[in-house]
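# Notes for the structure review
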Amino acid sequence: MDPRLKNLDYLFKPKSIAFVGATEALTKWGFIVLNNLISGGYEGKLYPVNPSRDTVLDLKAYPSVRDVPGEVDMAVFTVPARMVIESVDDCVAKGVKAGMVISAGFKELGGDFEDLELELTKRARQGGMVLAGPNGQGVCCPSANLYAWMPHFYYPRPGPVAVLSQSGNVQGLLIEEIVKSGLGVSKGVSSGNEADIKSSDYFQYLADDPETEVILSYLEGLTDGQSFLESARRAALKKPVVVLKGGRTNSGISAAGSHTGAMAVSDDLFDAVCRQSGVTRASSIQEAGTIAGAFVNRPLPKGKRVGIVTGGGGLGVIASDACSDLGLEVVKLSDQTLAKIGKMMPDWWVPGNPIDLVAGNNFQTILPILTTLMSSGEVDAVMMLFMGTPRTRDKANARDQAQMEAFENMWRKLSKTFKAFADALDNMTRRFEVPLYTVSNFRDSTESIFKTVFEEQKNSIFPTIETACASIRAMADYREFRQKQG
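Counting restarts for each chain: residues are numbered from 1 in the order of the written sequence. Thresholds applied to this predicted model are a pLDDT of at least 70 for local features of residues and 80 or more for the giving and counting of side-chain atom pairs; totals over whole chains, interfaces and linings are not thresholded and use all residues. Each side-chain value is worked out from all heavy atoms of the structure, with water and hydrogens disregarded.

### A few points about the confidence of the model for the chain
We count it as follows: Known as pLDDT, the predictor's confidence for each residue is given on a scale from 0 to 100. Any two residues whose heavy atoms approach within 4.5 Å are treated as being in contact.
Mean pLDDT over the chain stands at 89; residues scoring 70 or higher make up 88%. Here residues 255–259 scores under 50 on pLDDT; set against residues more than four positions off or in separate chains, the count is 12 contacts.

### Let's talk about the nonpolar core
Which entries qualify depends on this criterion: Buried Ala, Val, Leu, Ile, Met, Phe, Trp, Tyr and Cys residues form a nonpolar core when they are joined through side-chain atoms within 4.5 Å. Each residue is assigned to one of three classes by its accessible area relative to the maximum for its type, calculated with a 1.4 Å probe on protein chains only: buried under 20%, partly exposed between the two thresholds, exposed over 50%. Going along the chain from the N terminus, every DSSP run of H or I of four or more residues is numbered as a helix, and every run of E of two or more is numbered as a strand.
Grouped together as the largest cluster of nonpolar side chains are 93 residues, with contacts concentrated most on Leu8, Leu11, Val139, Phe203, Leu216 and Met383. At 9 residues, the largest contribution of residues to this core is made by helix α16 (residues 465–484). Contact partners of Leu11, with chain neighbours within four places excluded, come to Met74, Ala98, Gly99, Met100, Ala132, Val139, Leu146 and Val189. Counting residues in hydrophobic clusters, the runner-up holds 27 residues, among them Met345, Leu373, Met384 and Met428.

### Quick look at the layout of surface pockets
Rules: A 1.4 Å probe that fits but cannot get out identifies a cavity on a 1 Å grid over protein atoms alone, an open set with protein on both sides within 12 Å along at least five of seven lines counts as a pocket, and a residue lines either if it has an atom within 4 Å of a point. Grid points are joined across faces, edges and corners, and a volume is the space filled by probe spheres set on the points. Only Asp, Glu, Lys and Arg are considered charged in this grouping, and only Ala, Val, Leu, Ile, Met, Phe, Trp, Tyr, Cys and Pro are considered nonpolar; every other residue, Gly among them, is considered polar.
Here the largest pocket is characterised by a volume of approximately 650 Å³. The element best represented in the lining of the largest pocket is α16, accounting for 8 residues. Across the lining of the largest pocket, the residue classes tally to 10 nonpolar, 4 polar and 10 charged.

### Concerning the sheet that holds strand β10 (residues 158–165)
For sheets, the rule is that strands pair by backbone hydrogen bonds, running either parallel or antiparallel. Formally: Any two strands are treated as partners once DSSP identifies two or more bridges connecting them. Axis lines are fitted to C-alpha atoms, over the contacting stretch for helices. Their N-to-C directions set the angle, which ranges from 0 to 180 degrees.
Taken in spatial order, the 7 strands make up an open sheet running β9-β8-β11-β10-β12-β13-β14, and their pairing is mixed. In this open sheet, the two strands that pair with only one neighbour each are β9 (146–149) and β14 (280–282). When strand polarity is set aside, the average angle formed by the axes of neighbouring strands in this sheet is 20°. Summarising the sheet, strand β8 (residues 138–141) and strand β11 (residues 185–190) pair through 2 bridges and their orientation is antiparallel. Directly across from Cys140, in β11, lies its bridge partner Gly188.

### A few points about the environment of Phe432
Following the sequence through the fold, Phe432 ends up in helix α14 (residues 401–432). Taking C-alpha positions, Phe432 is 9.7 Å from Pro299, a pair spaced 133 residues apart along the chain. Not counting chain neighbours up to four residues away, the residues in contact with Phe432 comprise Lys302, Thr371, Met374 and Ser375.

### Here we look at the side chain of Lys239
We count it as follows: Two residue types count as positive, namely Lys and Arg, and two as negative, namely Asp and Glu; His and chain ends fall outside the count. Take a side-chain nitrogen of Lys or Arg and a carboxyl oxygen of Asp or Glu: if they are within 4 Å of each other, that pair is a salt bridge. Side-chain atoms alone can form a polar contact between residues adjacent in sequence; in general such a contact is a pair of N or O atoms within 3.5 Å, and within protein one must be able to donate a hydrogen while the other accepts it.
Note that Lys239 resides in the loop between α7 (225–236) and β13 (241–245). Asp209 is the oppositely charged side chain nearest to the buried, salt-bridge-free Lys239, at an N-O distance of 6.0 Å. In terms of polar contacts, Lys239 uses its side chain to reach the backbone carbonyl oxygen of Leu206, at 3.0 Å. Among all residues touching Lys239, those that are not within four sequence positions of it are Leu206, Ala207, Asp208, Asp209, Thr212, Glu213, Ile215, Tyr478 and Arg482.

### As for the environment of Leu116
Tracing the backbone through its elements, the reader meets Leu116 in helix α4 (residues 112–126). For Leu116, a relative accessible area of 8% corresponds to the buried category. Sequence separation between Leu116 and Ile85 is 31 residues, and the spatial gap between their C-alpha atoms is 8.3 Å. Here Leu116 is in contact with Ala81, Arg82, Ile85, Gly105 and Phe106, once residues within four sequence places are set aside.

### Considerations on the pattern of salt bridges
A complete count under the given rule lists 23 salt bridges for this structure. In this structure, Lys187 and Glu211 form a salt bridge, with 2.7 Å as the shortest nitrogen-oxygen distance. Here Lys187, found in strand β11, pairs with Glu211, found in the loop between α6 (199–207) and β12 (214–219); they are 24 residues apart in sequence, far enough to count as distant. A salt bridge links Asp426 to Arg430; its shortest N-O distance comes to 3.2 Å. Here the residue Asp426 and the residue Arg430 both occupy positions in helix α14, the gap between them amounting to 4 residues, near one helical turn. Owing to a relative accessible area of 47%, Arg430 belongs among the partly exposed residues under this scheme. The network of salt bridges with common partners includes Lys13, Lys187, Asp209 and Glu211.

### Some remarks on the state of the cysteines
Just so we agree on the cut-off: Sulfur atoms of two cysteines make up a disulfide when they are within 2.5 Å.
In this structure the tally under the stated criterion is 0 disulfides. Summary of cysteine pairing: Cys469 is not part of a disulfide, and the nearest cysteine sulfur, belonging to Cys323, is at 3.7 Å.

### Section: the packing of aromatic side chains
Operational definition: In this analysis, rings of Phe, Tyr and Trp, with Trp reduced to its six-membered ring, are considered paired at centre separations within 6.5 Å, and the interplanar angle assigns stacked below 30 degrees, edge-to-face beyond 60, and tilted for intermediate values.
Applying the stated criterion to the full structure yields 10 aromatic pairs. A centroid spacing of 6.1 Å and a plane angle of 40° characterise the contact between Tyr147 and Trp149, whose relative ring orientation is tilted. The class of Trp149 is buried, set by a relative accessible area of 0%. Here Phe295 and Tyr478 contribute two aromatic rings whose centre-to-centre distance is 5.6 Å and whose plane-to-plane angle is 85°, an arrangement assigned as edge-to-face. Of this pair, Phe295 sits in the loop between α10 (285–294) and β15 (305–310) while Tyr478 sits in helix α16; the two residues are 183 residues apart in sequence, bridging distant segments of the chain.

### Observations regarding the packing of helix α11 (residues 313–325) against α16
Which entries qualify depends on this criterion: The labels follow the angle: roughly parallel below 35 degrees, roughly antiparallel above 145, roughly perpendicular from 65 to 115, and oblique for the rest. In this scheme the handedness of a crossing depends on how the near helix is turned from the far one: anticlockwise by less than a right angle means left-handed, clockwise means right-handed.
Contact pair α11 / α16: the axes reach a minimum separation of 9 Å and the direction vectors enclose 40°. In terms of orientation, α11 lies oblique with respect to α16. For the crossing formed where α11 meets α16, the hand is right-handed. Residues Leu315, Ile318, Ala319, Ala322 and Cys323 of α11 pack against Ile465, Glu466 and Cys469 of α16. Of the residues assigned to the contact of α11 with α16, the class counts are 7 nonpolar, no polar and 1 charged.

Printed below as a string of structure tokens:
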């Protein structure tokens with residue numbers, strides 16, 4: 001790793017921050033981002049910089065970064081573009097190691113503004129300072145209670161997925177998908193125009209980050225395709241890398257140029273680069289976030305043979321089609337395996353894969369069926385379709401207090417039963433090293449015990465059959481890539 005990138009430690013885990021452009025004007029980013037830092041629980045030293053004020057949000061303010069007492073690890077910039085350069089000079093003089101430039105008005109506007117960005121980068125690099133942005137939404141590191149970003153009062157918990165995005169809004173949506181999966185975030189950065197630190201640099205850094213198990217990225221363009229290929233491949237040899245690419249069409253390319261000044265890249269060329277480097281390419285925000293979450297706490301499938309267990313026949317048909325569309329094999333189970341499963345099924349069961357439980361939902365029946373399937377050696381992954389009606393109330397409606405207590409008692413018993421069921425599924429997956437992909441509409445229920453249990457296990461529920469199939473294919477391909485690389 002480039003030794004200079006070590007300064008990114010100060011971007012994600014600074015012990016002190018100078019906030020250039022701090023204000024109490026409620027609609028300005030200088031207030032919103034500063035408020036997030038404070039409300040998010042940042043415990044380091046925080047120095048507002050505003051020459052027109054003595055205090056900001058009850059914190060002593062300073063005319064410039066040079067006037068701040070003591071050391072400053074990181075600076076956040078929300079002042080107008082031309083003022084950022086002067087402020088970077090102050091930071092260099094102060095010995096600041098990293099900066100997050102939220103301010104826009106650089107390369108994305110073209111013309112002289114491109115020169116302004118080049119000058120900004122030149123001065124920062126000469127002073128040994130790394131810059132994220134400009135034109136970025138901000139940075140977060142939940143393990144350090146650092147939320148130096150725009151999303152109002154949004155503080156995801158620590159977790160294993162790092163999110164790198166050239167778009168701030170997309171960064172927020174990708175993180176939201178990770179959170180919906182029941183997981184947390186190790187690092188998040190909106191790289192914006194990438195004047196100084198490029199996506200390839202972040203890949204290098206995150207590949208060695210002990211808090212990160214999976215790298216999730218949104219890209220609009222590349223300035224150095226070869227550097228991206230090399231850094232992405234090095235990262236993918238250590239941990240999964242999932243990429244969502246914007247700017248695939250002429251209109252998308254045009255929009256990317258005006259958004260972050262990103263350089264167009266042939267979609268076919270980018271696809272080839274991803275395949276060579278072992279990078280998983282996603283087709284939507286939801287798919288990208290779901291696939292990234294799928295890699296956490298789940299073994300890689302040894303191949304592409306899929307077993308499907310479903311409570312309804314129609315879902316099995318849809319899942320079979322989705323598997324076939326992605327080159328997954330809905331494998332024909334042996335007579336021996338079907339006979340073992342048949343002993344646990346009613347007389348009207350039709351043997352086959354998908355295994356249709358004919359509307360059965362007895363946990364004690366499902367477990368031995370899954371055990372038989374996973375231990376058969378005939379499948380590399382199992383998809384369990386578990387649809388139902390999520391609970392939508394904190395309390396059940398009842399005619400009197402006694403009935404209310406009876407309802408709640410039953411719910412608590414069901415919670416314990418499902419907790420034991422989910423734990424057994426997790427143990428089974430580890431024992432047989434066959435990944436399980438549970439598809440359920442309970443994922444988006446705010447009151448569902450099913451969602452809660454899977455969150456506690458750090459094992460994601462999949463929102464759709466299609467995202468589960470895409471995850472199986474991505475994980476099988478990634479295992480194949482790692483095996484080929486030795």
